[in-house]
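Chain residues, written in single-letter form:
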Amino acid sequence: MRGLRPMLDIKFVRSKPEVVREALVKRGAKVSLDEFLTLEEQRRVRLMEVEQLKNLRNVVSEEIARLKKAGQNPEELVSNMRHTSLRIKQLDEQVREVEENLQQILLGIPNIPHASVPVGSSEEDNPVLRTWGEPPQFDFTPRPHWEIGESLDILDFTRGVKIAGARFTVYKGLGARLERALINYMLDLHTEKHGYQEIFPPFMVNRQCMVGTGQLPKFEEDMFHVDKTDYFLVPTAEVPVTNLFRDEILEDNQLPIKLTAYTACFRAEAGAAGRDTRGLIRQHQFNKVELVKFTRPEDSYAELERLTADAEEVLKGLGLPYRVVALCTADIGFSSAKTYDLEVWLPSFNTYREISSCSNFEDFQARRANIRYRPGPKAKPRFVHTLNGSGVAVGRTVAAILENYQQADGSVVIPEALRPYMGGVERIKG
RNA sequence: GGAGAGAUGGCUGAGAUGGUCGAAGGCGCUCGCCUGGAAAGCGAGUAGACGGGCUUAAACCUGUCUCGAGGGUUCGAAUCCCUCUCUCUCCGCCA
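Residues numbered from 1 in each chain as written. Chains lettered and ligands numbered in written order. Predicted model: local features only at pLDDT ≥ 70, side-chain atom pairs only at ≥ 80, totals over all residues. Heavy atoms only, no water.

(A) Highlighting the overall build of chain A. Counting its regular elements, chain A contains twelve helices and 17 strands. Oriented by its inertia axes, the alpha-carbon framework of chain A measures out at about 100 × 45 × 40 Å. The 430 residues of chain A split such that 50% are buried. Restricting to contacts in chain A with at least 6 residues of sequence separation, those with at least 24 account for 73%. Carbon and sulfur atoms provide 49% of the accessible area of chain A, an area that totals close to 20,700 Å². Taken as two groups, the 58 positive and 61 negative side-chain charges of chain A have centres that lie 4 Å from each other. (Helix = DSSP H or I, 4+ residues; strand = E, 2+ residues; numbered from the N terminus. Buried < 20%, exposed > 50% of the residue type's maximum accessible area, 1.4 Å probe, protein only. Contact = heavy atoms within 4.5 Å. Areas by Shrake-Rupley, 256 points an atom, 1.4 Å probe, with all protein chains shown as cover. Lys, Arg positive; Asp, Glu negative; His and termini not counted. Charge placed at Lys NZ, Arg CZ, Asp CG, Glu CD.)

Set out below in structure tokens:
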């Protein structure tokens with residue numbers, strides 16, 4: 001059998017359907033497990049039948065070869081096999097159809113949340129794990145970042161709309177410099193202090209990658225698809241970077257692999273109409289530095305904590321107040337088994353907004369993308385665990401800096417850690 | 001874009017006229033012998049997926065499929081035919 005890439009272990013689903021069903025309910029996902037189980041049974045029955053016939057064909061074919069070599073006439077066997085071959089062709093086709101149906105169901109089943117994920121019914125139920133820093137106190141009325149950006153002439157929303165459309169923004173002067181400085185600051189931090197290797201991937205990927213990390217087939221409408229090709233603009237560096245090792249078997253001593261990548265990210269934001277229409281919070285194109293890990297299964301949860309801490313370092317270094325929440329079962333992403341969100345303080349919203357999302361996908365993506373490792377020299381390959389997290393979203397960081405570091409005179413102070421990347425600029429003035 | 005060549009196991013590399021080819025040889029790797037220890041040498045073993053049997057499980061036994069991908073011819077295809085993808089060389093064009 002080829003091409004059947006279960007997102008969940010088929011044998012696991014088969015033997016413990018209640019566990020899967022319960023997990024799906026917790027998530028609020030509706031998937032027909034019964035249909036899956038019926039199809040899977042069908043598949044096995046037909047597979048057995050066709051394999052038996054193929055065995056017969058192989059044996060008889062050898063016999064034919066033997067007879068021919070001995071100068072005898074195998075015509076009777078040949079004509080018998082003609083029917084068998086025809087039957088095999090039919091059954092093969094049936095198996096293929098069943099597998100296709102099975103695959104469609106399988107691709108639509110979300111990951112099973114880890115036992116430690118809080119059960120909840122909406123984002124309201126996400127517990128706050130820790131808070132860092134104090135929201136700044138202003139003795140004036142703080143302005144939202146889009147006003148600050150425009151008055152300092154470093155963000156141009158109007159022209160962004162003119163040259164592209166809604167949800168596109170032009171950065172100018174020190175605004176553009178700030179964006180670039182943040183990218184460099186984050187990459188340097190992760191490569192020099194946290195031990196990640198830097199990757200610079202393509203910004204477009206093929207369909208297989210999108211299936212591998214779980215964006216497809218379910219969320220195609222959220223993606224930008226390039227007309228006349230089958231390329232997709234990457235919605236996050238997670239896609240190209242995780243797929244780096246698609247269909248590969250890694251060596252045990254390579255693990256864990258820690259990669260960081262800057263990419264622009266492109267999202268159609270279908271279904272977000274009317275939300276966050278102002279400012280940098282929700283754009284069709286934004287920059288992000290991503291962290292991606294490939295680990296042994298037994299290490300992945302410890303690595304998730306460290307990855308989250310690595311992302312937090314970015315905000316600590318910039319002096320931006322934030323908190324960490326654990327996403328509940330209703331709020332975690334399709335592919336994720338467990339997710340922490342980092343939320344940065346935004347004065348104009350008078351609340352914390354997501355700036356990073358750190359997830360352990362366990363073997364969900366590894367199964368889809370077929371990424372394995374060999375635990376020992378002669379051992380059978382196992383699926384790795386994949387993790388990733390924003391480290392962090394650059395546009396939202398710019399928004400957070402403008403708002404949290406704004407001054408009464410309308411200027412914005414540049415966080416200390418960023419100044420070397422800003423050519424020594426300490427403050428953006430009007 | 002034009003012309004040509006190619007795609008085989010971890011790597012390399014054989015595979016006239018279709019018939020024990022899942023695939024020789026070499027390298028690498030693993031285990032054993034040898035050694036004070038190592039190297040060299042010798043011996044053995046080294047793909048994956050999906051089923052079935054046995055089992056608590058693994059090991060093991062067994063079947064099917066996979067020689068870039070998909071389709072076709074045939075009783076039977078790595079070998080013949082078609083389509084696609086990718087790689088390499090030369091030319092052209094560009095950042």
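(B) Geometry of the environment of Glu49. Here Glu49 is to be found in helix α3 (residues 33–69). A relative accessible area of 33% means that Glu49 is categorised as partly exposed. With 39 residues separating them in the primary sequence, Glu49 and Ile88 have C-alpha atoms 9.0 Å apart.

(C) How the structure looks around the sheet that holds strand β4 (residues 197–199). An order of β1-β10-β11-β12-β15-β9-β8-β4 is seen for the eight strands of this open sheet, with the pairing classed as mixed. Here the strands that pair on one side only, and so sit at the sheet edges, are β1 (128–132) and β4. Taking the axes of each pair of neighbouring strands and ignoring which way they run, one obtains an average angle of 25° across the sheet. Bridge count for strand β12 (residues 351–360) against strand β15 (residues 385–393) is three bridges, and the pairing is antiparallel. (Pairing = 2+ DSSP bridges. Axes fitted to C-alpha atoms, helices over the stretch in contact; angles between N-to-C directions.)

(D) Local environment of the environment of Thr191. Tracing the backbone through its elements, the reader meets Thr191 in helix α7 (residues 173–193). Judged by its relative accessible area of 23%, Thr191 falls in the partly exposed class. For the pair formed by Thr191 and Ala261, sequence separation is 70 residues and the distance between their alpha carbons is 9.9 Å. Thr191 has contacts with Tyr196, Glu198 and Thr260, leaving out every residue within four places of it along the chain. There is a polar contact of 3.3 Å between the side chain of Thr191 and the backbone oxygen of Asp188. (Polar contact = N/O pair within 3.5 Å; in protein donor to acceptor, adjacent residues only side chain to side chain.)

(E) Broad picture of the pattern of salt bridges. Counting across every chain of the model gives 29 salt bridges. The salt bridge partner of Glu75 is Arg82, with a shortest N-O separation of 3.3 Å. Here Arg207 ties to Asp230 by a salt bridge, and the two come within 2.9 Å at their closest N and O atoms. Here Arg207 is found in helix α8 (residues 207–213), whereas its partner Asp230 is found in the loop between α8 and β6 (231–233), with 23 residues between them in sequence. Residue class for Arg207 comes out partly exposed when judged on its relative accessible area of 31%. Using a relative accessible area of 37% as the deciding quantity, one classes Asp230 as partly exposed. (Salt bridge = Lys/Arg side-chain N within 4 Å of Asp/Glu carboxyl O.)

(F) Expanded view of the sheet that holds strand β7 (residues 248–251). The sheet built from three strands is open, its strands ordered β7-β13-β14 with mixed pairing. Because the sheet does not close on itself, it has two edges, and the strands there are β7 and β14 (382–383). Two strands pair when backbone bridges link them, and β7 and strand β13 (residues 371–374) are joined in this way by four bridges, in the parallel orientation. Looking across to β13, one finds that Glu251 is bridged to Arg374.

(G) Main features of the protein's contact with RNA strand B. Neighbouring residues of RNA strand B: 26 residues in total, closest Arg43, Asn55, Lys68, Arg82 and Ser85. Counting only the atoms of RNA strand B within 4 Å of the protein, the fraction contributed by sugar and phosphate is 77%. The contact in question runs from a phosphate oxygen of RNA strand B to an N or O atom on the side chain of Arg44, over 2.9 Å. Between RNA strand B and Ser61, the relevant distance is 3.2 Å, taken from a sugar or linking oxygen to a side-chain nitrogen or oxygen of the residue. For the surface near RNA strand B, the elements supplying multiple residues, two or more each, are α3, α4 (75–107) and β13. Considering every element that reaches the surface near RNA strand B, the biggest residue donor is α3, with 13 residues. Per-class residue counts for the surface near RNA strand B are nine nonpolar, four polar and 13 charged. (Near = heavy atom within 4 Å. Nonpolar A, V, L, I, M, F, W, Y, C, P; charged D, E, K, R; others polar.)

(H) Spatial organisation of helix α2 (residues 17–27). Considered for burial, the residues of α2 that qualify are Pro17, Val20, Ala23, Leu24 and Arg27. One face of α2 carries all of its buried residues, which in axial projection span an arc of 130°. Exposed positions of α2 whose direction lies more than 90 degrees from the buried face are Glu22 and Val25. Here the buried face of α2 lies against α1 (10–15) and α3. Two residues or fewer past α2, Gly28 is found with a positive phi of approximately 80°. (Arc of directions from axis to C-beta.)

(I) Structural view of helix α10 (residues 300–318). The end-to-end C-alpha separation of α10 is 28 Å, in line with the 27 Å expected for 19 residues at 1.5 Å each. What α10 keeps buried is the set Ser300, Glu303, Leu304, Leu307, Thr308, Asp310, Ala311, Glu312, Val314, Leu315 and Leu318. At the exit of α10 stands Gly319, carrying a positive phi of roughly 70°. (Expected span 1.5 Å × (residues − 1).)

(J) Focus on the packing of α2 against α3. α3 packs onto α2 with a crossing angle of 150° between their chain directions and a minimal axis gap of 11 Å. In terms of orientation, α2 and α3 fall into the roughly antiparallel class. Here α2 runs over α3; the crossing is right-handed. From α2, Pro17, Val20, Arg21 and Leu24 reach across to α3, where they touch Leu33, Asp34 and Leu37. The residue makeup of the contact of α2 with α3, split by class, is five nonpolar, no polar and two charged. (Parallel < 35°, antiparallel > 145°, perpendicular 65-115°, else oblique. Left-handed = near helix turned anticlockwise from the far one by under 90°.)

Everything listed here is a matter of geometry and, on its own, says nothing about what the molecule does.
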